[in-house]
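Next come the chains, spelled out residue by residue.
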Amino acid sequence: MAKSSTERMREKKERDEAARRALGDATYPYLRETFSQFLGHEGNYSNVEIALGLAGIEAPQIEDERDPEAFAIEEVIAGVEDPFPGAKGAIGRAEVMIDCYIDAAIELAGVVNNYKRQEIEARLSELESSDTADKATAMKEAVRLNKMLDQLNKQVRRSFPQWKVTGA
């Protein structure tokens, strides 16, 4: 079956994105001080440690210039030809960490969203099938639960400083 123009465009965008990622970061040739050295005098990394610590996650120590592959769990990257295209040294590891944290946050947000939706929808079903004498209270609760579902239908946006420069 022939592909639609939308499918062809989507595939082209995916190919272009893969090619752009494979190029690596355009800033690498201009970075003189290593990232691990920079972290030795950069005080803001403690904020990363605090944020992750609040979630019960110990922040990784970036003390040398090993590539991201040196830290990845072998079973996760097994069979993947180039799991970290273009990422080199400690700065590449930090960039991979950012991408992975964002991906994990998106996935966890989806899991939490699904859980809350199921529970709220179950409470709505209970309200519909209940024989409570106070219909006014049940209606108010149903309206409140539906507002919660409406809010869970929305997307959240967060702004990040740009951390990768490709194709420049």
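Residues numbered from 1 in each chain as written. Predicted model: local features only at pLDDT ≥ 70, side-chain atom pairs only at ≥ 80, totals over all residues. Heavy atoms only, no water.

### Details of the packing of aromatic side chains
Put simply, the rule is: Think of it this way: a Phe, Tyr or Trp ring, Trp meaning its six-membered ring, pairs with another when their centres are within 6.5 Å, and the plane angle makes it stacked under 30 degrees, edge-to-face over 60, tilted otherwise. Each helix corresponds to a stretch of at least 4 residues labelled H or I by DSSP, and each strand to a stretch of at least 2 residues labelled E; elements are numbered beginning at the N terminus. Think of it in three bands: residues with accessible area under 20% of the maximum for their type are buried, residues over 50% are exposed, and the middle band is partly exposed, with areas taken using a 1.4 Å probe on protein chains only. By the criterion adopted, a ring carries a charge over it if an Arg CZ or a Lys NZ lies within 6 Å of its centre and within 35 degrees of its normal.
For the structure on display, the rule yields two aromatic pairs. Ring plane angle 25° and centroid distance 6.1 Å describe the contact between Phe 35 and Phe 38, whose orientation is recorded as stacked. With Phe 35 and Phe 38 both in helix H2 (residues 35-41) and three residues apart, the pair spans about one turn of that helix. Phe 38 gets classed as partly exposed once you look at its relative accessible area, which sits at 30%. Aromatic side chains Phe 160 and Trp 163 sit 6.1 Å apart centroid to centroid with 80° between the ring planes, which places their arrangement in the edge-to-face category. Here the guanidinium or amino end of Arg 93 rests over the ring plane of Phe 71, the centre of that ring lying 3.5 Å away.

### Description of a negative patch on the surface
Quick note on the threshold: Only residues whose relative accessible area exceeds 30% and that form no salt bridge are eligible for patches; like-charged ones are grouped when within 9 Å, while nonpolar side chains (Val, Leu, Ile, Met, Phe, Trp, Tyr) are grouped when within 5 Å. Here the accessible surface of atoms and residues is derived via Shrake-Rupley with a 1.4 Å probe, and residues count as covered only by protein chains that are part of the display. We define a salt bridge as a side-chain nitrogen of Lys or Arg found within 4 Å of a carboxyl oxygen belonging to Asp or Glu. The positive count covers Lys and Arg only, the negative count covers Asp and Glu only, and His and the chain ends enter neither. By convention, the charge on Lys lies at NZ, on Arg at CZ, on Asp at CG and on Glu at CD.
On the surface, Glu 65, Asp 67, Glu 69, Glu 81 and Asp 82 cluster together into a negatively charged patch. Along the chain, the position of Asp 67 falls in the loop between helix H3 (45-54) and helix H4 (74-77).

### Things to note about the pattern of salt bridges
Taken as a whole and judged by the stated rule, the model has six salt bridges. Here Lys 3 makes a salt bridge to Glu 11, at a shortest N to O gap of 2.8 Å. Using a relative accessible area of 42% as the deciding quantity, one classes Lys 3 as partly exposed. The salt bridge partner of Glu 119 is Arg 123, with a shortest N-O separation of 2.8 Å. Of this pair, Glu 119 and Arg 123 both sit in helix H5 (residues 89-129), four residues apart, roughly one helical turn. Residue Glu 119 is classed as partly exposed on the basis of its relative accessible area of 34%. Residue class for Arg 123 comes out partly exposed when judged on its relative accessible area of 33%. The network of salt bridges with shared partners includes Glu 119, Arg 123 and Glu 126.

### Some details on the side chain of Glu 95
For the record, the criterion: Residue contacts are defined here by distance: any two heavy atoms, one from each residue, within 4.5 Å place the two residues in contact.
Inspection of the secondary structure assignment puts Glu 95 in helix H5. Despite its burial, Glu 95 remains without a salt bridge, the nearest opposite charge being carried by Lys 164 at 5.7 Å. When near neighbours in sequence (up to four residues on either side) are disregarded, Glu 95 contacts Asp 25, Tyr 28, Trp 163 and Lys 164.

### Quick notes on the nonpolar core
Inside soluble globular proteins, nonpolar side chains tend to come together where they are buried. Put simply, the rule is: The criterion is simple. A nonpolar core is a set of buried Ala, Val, Leu, Ile, Met, Phe, Trp, Tyr and Cys residues joined through side-chain atoms within 4.5 Å.
Counting eight residues, the largest nonpolar core is built from Leu 39, Tyr 45, Leu 52, Ala 59, Ile 62, Ala 90, Ala 94 and Met 97. At the level of secondary structure, the elements contributing two or more residues to this core comprise H3 and H5. Looking at this core element by element, the count peaks at three residues for H5. The residues contacting Ala 94, other than those within four sequence positions of it, are Phe 35 and Ile 62. With five residues, the next largest nonpolar core counts Ile 120, Ala 142, Leu 145 and Leu 149 among its residues.

### Observations regarding the environment of Thr 137
Definition in use: N or O atoms closer than or at 3.5 Å make up a polar contact, with two conditions inside protein: a donor-capable atom paired with an acceptor-capable one, and, for residues adjacent in sequence, both atoms drawn from side chains.
Within the secondary structure, Thr 137 is located in helix H6 (residues 135-152). Looking at Thr 137, the relative accessible area reads 46%, which means it is partly exposed. Here the alpha-carbon distance between Thr 137 and Tyr 30, two residues 107 residues apart in the chain, equals 65 Å. Looking at Thr 137, its side chain comes within polar contact range of the side chain of Asp 134, at 2.2 Å.

### A few points about H5
Two residues of an α-helix separated by three or four positions point the same way, owing to the 3.6 residues in each turn. For clarity, the cut-off: To estimate how far a helix should extend, the number of its residues minus one is multiplied by 1.5 Å.
Here H5 contains 41 residues, and its C-alpha end-to-end distance of 60 Å stays within 8% of the 60 Å for a straight helix at 1.5 Å per residue. For H5, the set of buried residues is Gly 89, Ala 90, Gly 92, Arg 93, Ala 94, Glu 95, Val 96, Met 97, Asn 113, Arg 117, Ile 120 and Leu 124. Lining the buried residues of H5 we find H2, H3 and H6.

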